[in-house]
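# Notes for the structure review
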Amino acid sequence: MISRKTLLKKLKNNDVIIWGARMTGLGALRYLRSNNINPVCFTDSDKAFSNKTIKNLPVISPKNLSHKIKKNKWNPLILVAVSLKEEEILLMSKLYSLDSFKFYSFQSSKSPYFTVDILSSCNLKCLSCPHSLKDKSDAPKGSMSLSTAKNVIDKIKLESPETTHISLYSWGEPLIHPKIDQIVHYAHSKNMAVALSSNLSINFSDNKLEKLIKSEPDYIKISVSGFYPEAYNTTHQGGDINLVKSNLRKIHKYILKHKSNTLIDINYHLYRNNNGKNLQKFKELANELGFILSTTYALVMPLERVFNKLDGKKDLQTETLEKNLLVDINEGIRISSQNIPKKSTCPFRENQININADLSVPICCVTFNKSKNIVSNNYLDTSLQKISKKKNKISTCKKCMQNRLPEYNMGYNRDLWEKIADTKLSLDH
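Residues numbered from 1 in each chain as written. Predicted model: local features only at pLDDT ≥ 70, side-chain atom pairs only at ≥ 80, totals over all residues. Heavy atoms only, no water.

Regarding its fold elements, the protein presents 18 helices and 15 strands. In terms of overall dimensions, the protein is globule-like: its C-alpha atoms have a radius of gyration of 21 Å, near the 22 Å expected for 429 residues. Oriented by its inertia axes, the alpha-carbon framework of the protein measures out at about 60 × 50 × 50 Å. Looking at the 429 residues of the protein, the share that counts as buried comes to 58%. Split by element, the accessible area of the protein, about 19200 Å² in all, is 49% carbon and sulfur. Of note, the protein has its 65 positive side-chain charges centred 4 Å away from the centre of its 39 negative side-chain charges. (Helix = DSSP H or I, 4+ residues; strand = E, 2+ residues; numbered from the N terminus. Rg over C-alpha atoms; globule rule 2.2 N^0.38 Å. Buried < 20%, exposed > 50% of the residue type's maximum accessible area, 1.4 Å probe, protein only. Areas by Shrake-Rupley, 256 points an atom, 1.4 Å probe, with all protein chains shown as cover. Lys, Arg positive; Asp, Glu negative; His and termini not counted. Charge placed at Lys NZ, Arg CZ, Asp CG, Glu CD.)

Set out below in C-alpha cells:
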C-alpha cells in the first residue's frame, strides 16, 4: 500500500477510473474531488449498475471498459476501491484485457472501514437475522446519543485521518434514530461519505424522511424480500411491504425536490418463494423510480447460528429458514471457497472496525453475541492499536477461517451460487 499523498501524485494527469460504485467507491470519489481530482467514471461488474449514472459519473461494466478507454483516448489509472474483493477484481481485469493498465488500491493501512451501529434495536424480526432470536440477553443494546456519535466520529478522524466513508448501521435500524440526519451532517463535515441501510418499513413522523434525504447521505441500501405481502411477510417478519413501497416513492419525490445525489440501492434478498414474479415486479418499480436493484442470496445470520449448524446442534429456526433458501449453508460454504486459496487473514477482521451502540467493539460484523467476541468494552477509551492487537486473540476467528466462513459471508464465486440456485424449484410463479 502506498500513502495517500503518494497516490494523489500518481493520479495527477491521469484519467481516473474508480472500481466499485457503492460505498467504498463513493468515499474515494468524495476524497478525490476534495483534492481537485475528477474521475471520468466508475466501473462495476454488478448488473444493477447497467446504464446507470452515480454522482454524475457513468458506471461502465468491466467487460466494456477497455473499448471505452480506447474510444475516449483516456490515459487511464484504475483505482480499486473495493479492497475486500481485490483478488476477484484482478482476475476479472485479465479476463477483460485490462491488466495492461495501471492499477492502484485505494485502501490505506491508516483507513480501516468503520461500521457504527448507532441503534442496536430493530422494528422487524426477520427469520434470517439475529433480531428474530428469542434470547438476546448476550446482544449489544442501546442507542447512541448525538454527542456520543460525534465523539466516535471525531476519534475515527483523529486516529484514522484517511478514512473516507462510514457506515452508520450494523444489526440495528438506523432510520429510527431520532437524530439520524444530524449525524449524517456531522460525518459530512468531516469529509466522510455516509452509508445507511434500512428495511424502510417505518411510519416516519412529521418530515423526518424528508430531512434525511435533504441531508444527502451518499448511499442508502433498502432491504426487501418480495413485492407482494405473501412473499415479503415470510422473510421480513413484522414488516409491511406496502409501507415500504410508499416510502420508496416518497424518497423519490424528496430526491427530486432537493436535487439529492443519494444512491438508493434496493437490495433484494433472493429466496425460493420470491425469485420469480415478485422479483420482476420490484425491478419494474426500481426502474420507474430510477433506483438500482441489486440481488443477494439470503444467508443464515449471524455467525453463531452457522457454527451451530456445523456443530450439529438442532436449531428449528435455521431449519425452517433453510427450506426457503436457494443456496443452503453447506452448499454456500463449499462453493464460496472453490478455487480460492486458503488464507491466514480475514477481510472482516483486518479491514473493518465495528462499533456497537453501547460502544463495545466486536471482532467483526458477522458476530452478534458479545461473549467471547468483544475486543473493547468502550471504543472511546481504547486506542485503535489496542483494538487491532486484541483481535488476533479472539478464538472465534480460528474456527471461522478453518471453515471458510469469510468467503461464505462475502458470497465469493457468485456464478456458482447462481448455478445451484437454478437447480432449486421456484415457488414464485
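Text resumes after the structure shown.
Now for the packing of helix α5 (residues 146–159) against helix α6 (residues 180–189). Two numbers describe how α5 lies on α6: the axes approach to 10 Å, and their chain directions differ by 25°. Compared by their axis directions, α5 and α6 come out roughly parallel. Considering how the two elements wind past one another, α5 and α6 form a crossing that is right-handed. Mapping the contact onto sequence places Leu146, Ala149, Lys150, Ile153 and Asp154 in α5 and Gln182, Ile183, Tyr186 and Ala187 in α6. For the contact of α5 with α6, the residue count by class is 6 nonpolar, 1 polar and 2 charged. (Axes fitted to C-alpha atoms, helices over the stretch in contact; angles between N-to-C directions. Parallel < 35°, antiparallel > 145°, perpendicular 65-115°, else oblique. Left-handed = near helix turned anticlockwise from the far one by under 90°. Contact = heavy atoms within 4.5 Å. Nonpolar A, V, L, I, M, F, W, Y, C, P; charged D, E, K, R; others polar.)

For the rest of this paragraph, the subject is the sheet that holds strand β10 (residues 219–224). Reading across the sheet, the 7 strands line up as β12-β11-β10-β9-β8-β7-β13 and stay open at both edges, with parallel pairing between neighbours. Two strands in the sheet have a free side with no partner beyond their single neighbour: β12 (292–297) and β13 (352–355). Pairs of neighbouring strands in the sheet enclose a mean axial angle of 25°, with direction left out of account. When strand β9 (residues 193–198) meets β10, the two strands line up parallel, connected through 4 bridges. Residue pairing in the sheet places Leu196 in a bridge with Ile220 of β10. Helix α2 (residues 23–34) rests against β7 (113–116), β8 (165–167), β9, β10 and β11 (263–270) of the sheet, and its axis sits at about 155° to β9. (Pairing = 2+ DSSP bridges.)

This part is about the sheet that holds strand β5 (residues 76–80). A sheet is described by the order of its strands in space; here 6 strands give the open sequence β3-β4-β2-β1-β5-β6, paired in mixed fashion. In the strand order of this sheet, the two ends are held by β3 (53–54) and β6 (102–105), each with one partner. With 4 bridges connecting them, β5 and β6 associate as parallel partners. The partner of Val80 across the bridge, within β6, is Ser105. Seen against the sheet, α2 touches β1 (15–19), β2 (41–43), β3, β4 (57–60) and β5 and runs at an angle of roughly 155° to β1.

Once that is clear, we can look at the nonpolar core. Core analysis: the biggest nonpolar cluster contains 98 residues, and Val116, Ile166, Leu168, Leu196, Leu248, Phe282 and Ile355 have the highest contact counts within it. Examining the composition of this core, we find that 6 residues originate from one element, helix α9 (residues 241–258), more than from any other. Not counting residues within four places of it along the chain, the set of residues in contact with Ile355 comprises Phe114, Thr115, Val116, Asp117, Met144, Val152, Ser360 and Tyr379. With 29 residues, the next largest nonpolar core counts Ile18, Phe49, Leu57 and Tyr219 among its residues. (Core = buried A, V, L, I, M, F, W, Y, C linked by side-chain atoms within 4.5 Å.)

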